[in-house]
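Survey of secondary and tertiary structure
As a plain string of letters, each chain reads:
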Amino acid sequence: MKKMIYGLFFGDSITYGEYDGVFGGWVDILKRYALQQFHEGSNEVILFNLGIGGETTEGLLKRMPYELAARNSAEGNIVFIGYGANDLVIKNGGSMVNPVQFRSNMMEAIQHAKQYTNDIYLVSILPVSREVDGVKTATGKLRTNDNVLVYNRILKDLTVENALHYIDFYAAFLRDKEILLSGDGVHPNEKGYGIMAETAIPIIEKYL
């Protein structure tokens with residue numbers, strides 16, 4: 001008996017797939033993969049890309065209860081939470097969402113997800129390129145790789161404390177980040193999104 005499983009991907013522009021005019025980002029690659037597999041007789045795994053560009057965990061908490069209630073399958077759900085790349089931005093001298101608040105917001109998001117599933121994946125934050133590490137952009141935003149490590153550490157700790165899963169895109173990018181990131185030094189390019197999809201396909205496989 002085939003099951004219908006929903007996969008919900010919460011995140012920012014990197015979840016949404018910005019800067020990838022070829023494949024539409026890693027979640028859309030996974031979506032197409034799951035649809036192809038379904039035709040070959042496996043479970044129906046339906047993926048929802050719920051990424052919003054520029055979003056922090058503050059925005060996530062406002063919409064997450066409604067998104068979860070509107071999209072869940074009685075037969076099983078998988079929830080992916082990919083935040084931090086905007087939370088860690090320093091603007092006007094302070095973080096958009098400081099580490100203590102980030103941890104607390106993520107904890108709340110995990111509680112929301114736990115009402116629907118135990119299959120929860122926290123998605124690591126990508127490293128930024130050399131060009132933008134510690135450099136203020138035209139819009140006054142500043143990102144550092146040191147901060148990426150701080151926020152990823154929080155995500156890793158939450159994964160262990162709550163018995164969740166962690167997707168380590170950071171490790172997948174670290175060595176080759178200069179060729180996997182787009183011109184803005186923050187978003188992946190097509191190659192980078194491809195690596196993310198390759199890393200995540202084995203996770204989707206488990207449910208097919």
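Up top is the structure these notes are about.
Quick look at the structure, then. Within any chain, residue numbers begin from 1 and follow the written order of that chain's sequence. At least 70 in pLDDT is required for a residue's local features to be given in this predicted model, at least 80 for side-chain atom pairs to be given and counted, and no such filter applies to totals for whole chains, interfaces and linings, which use all residues. To get the side-chain values, all heavy atoms of the structure are used, and hydrogens and water are removed first.

At their nearest, the axes of helix H3 (residues 57–70) and helix H4 (residues 99–114) sit 10 Å apart, and the two run at 5° to each other. Considering the angle they form, H3 stands roughly parallel to H4. Contact residues: Thr57, Glu58, Leu60, Leu61, Met64, Pro65 and Leu68 in H3; Gln101, Phe102, Asn105, Met106, Glu108, Ala109, His112 and Ala113 in H4. By the convention adopted, Pro, Cys, Tyr, Trp, Phe, Met, Ile, Leu, Val and Ala count as nonpolar, Lys, Arg, Asp and Glu as charged, and the other residues, Gly among them, as polar. Its residues assigned to classes, the contact of H3 with H4 comprises nine nonpolar, four polar and two charged. For helices, the axis comes from a line fit to the C-alpha atoms of the stretch in contact; other axes are also lines fit to C-alpha atoms, and the angle between any two N-to-C directions lies between 0 and 180 degrees. Runs of E in the DSSP output that reach at least two residues are strands. Runs of H or I that reach at least four are helices, and both are numbered from the N terminus. Just so you know how the angles are binned, under 35 degrees is roughly parallel, over 145 roughly antiparallel, 65 to 115 roughly perpendicular, and the rest oblique. Here a residue-residue contact requires only that any non-hydrogen atoms of the pair lie within 4.5 Å.

Here we come to the packing of H4 against helix H5 (residues 145–161). Put simply, H4 and H5 touch, their axes get as near as 10 Å, and they point 35° apart. The handedness of the crossing between H4 and H5 comes out as right-handed. Across the interface between the two elements, Pro99, Phe102, Arg103, Met106, Met107 and Ile110 from H4 touch Val150, Tyr151, Ile154, Leu155, Asp157, Leu158 and Glu161 from H5. Definitions for this section: a left-handed crossing has its near helix turned counterclockwise from the far helix by less than a right angle. A right-handed crossing has that turn clockwise.

The next thing to look at is the side chain of Asp87. Within the secondary structure, Asp87 sits in the loop between strand S3 (77–82) and strand S4 (90–91). Three exposure classes are used, based on accessible area relative to the maximum for each residue type with a 1.4 Å probe and protein chains only: buried under 20%, partly exposed in between, and exposed over 50%. Residues scored as charged are limited to Lys and Arg (positive) and Asp and Glu (negative), so that His and the chain ends carry no count. Note on definitions: salt bridges are taken to be side-chain nitrogens of Lys or Arg within 4 Å of carboxyl oxygens of Asp or Glu. Within the buried set, Asp87 has no salt-bridge partner at all; the shortest N-O distance to an opposite charge, 8.8 Å, is to Arg143. Once residues within four sequence positions are removed from consideration, Asp87 is found in contact with Thr56, Thr57, Ser95, Met96, Val97, Phe102 and Tyr151.

Turning to the sheet that holds S3, a few remarks are in order. Should DSSP find at least two bridges between two strands, the strands are taken to pair. Taking strand neighbours across the sheet as the criterion, the five strands line up as S2-S1-S3-S6-S7 in an open arrangement whose pairing is parallel. What marks the edges here is a single partner per strand, and that holds for strand S2 (44–51) and strand S7 (165–167). Adjacent strand axes in the sheet meet at a mean angle of 20°, parallel and antiparallel pairs treated alike. Strands strand S1 (4–11), S2 and strand S6 (120–123) of the sheet are contacted by helix H2 (residues 26–39), whose axis makes an angle of about 165° with S2.

With that settled, the discussion passes to the environment of Pro188. Tracing the backbone through its elements, the reader meets Pro188 in the loop between helix H7 (177–180) and helix H8 (190–205). Along the primary structure Pro188 and Val128 are separated by 60 residues, whereas in three dimensions their C-alpha atoms are 9.6 Å apart. Residue contacts for Pro188: discarding those within four places in its chain leaves Ile14, Glu18, Tyr19, Leu126, Phe173, Leu180, Leu181, Ser182, Tyr193 and Met196.

S1 sits mainly inside the fold: seven of its eight residues count as buried. Across eight bridges, the pairing between S1 and S2 is parallel. For Leu8, the partnering residue across the bridge sits in S2 and is Phe48.

Here we take up H3. What a helix should span is 1.5 Å times the count of its residues minus one. Look at H3: 19 Å from first C-alpha to last across 14 residues, which is about the 20 Å you get at 1.5 Å a residue. Think of it this way: the bend at a residue is just the angle between two axes, each fitted to seven residues, one set ending at that residue and the other starting at it. In the structure, H3 departs most strongly from a straight axis at Arg63, where the bend amounts to approximately 45° and where the proline Pro65 lies between one and four residues downstream. Of the residues making up H3, those classed as buried are Thr57, Gly59, Leu60, Leu61, Arg63, Met64, Glu67 and Leu68. Where H3 is buried, its residues meet S1, S2, S3 and H4.

Let us now look at the packing of aromatic side chains. The aromatic pairing rule takes the rings of Phe, Tyr and Trp, using the six-membered ring of Trp, and pairs them if the centres are within 6.5 Å, calling planes under 30 degrees apart stacked, those over 60 edge-to-face and the rest tilted. Summed over all chains, the structure comprises six aromatic pairs. Measuring from ring centre to ring centre gives 4.1 Å for Phe9 and Phe80, while their planes differ by 0°; the resulting arrangement is stacked. Of this pair, Phe9 sits in strand S1 while Phe80 is found in strand S3, placing the two residues 71 residues apart along the sequence. For Phe9, a relative accessible area of 0% puts it in the buried group. Judged by relative accessible area, which is 2%, Phe80 ranks as buried. Note on Trp26 and Phe169: the rings are 4.9 Å apart at their centroids and 75° apart in plane angle, and the pair reads as edge-to-face. Of this pair, Trp26 sits in helix H2 while Phe169 sits in helix H6 (residues 169–174); the two residues are 143 residues apart in sequence, bridging distant segments of the chain. Judged by relative accessible area, Phe169 falls into the buried class, the value being 0%. Three or more aromatic residues joined by ring pairs make a cluster, and in this case those are Phe9, Trp26, Phe80, Tyr121 and Phe169.

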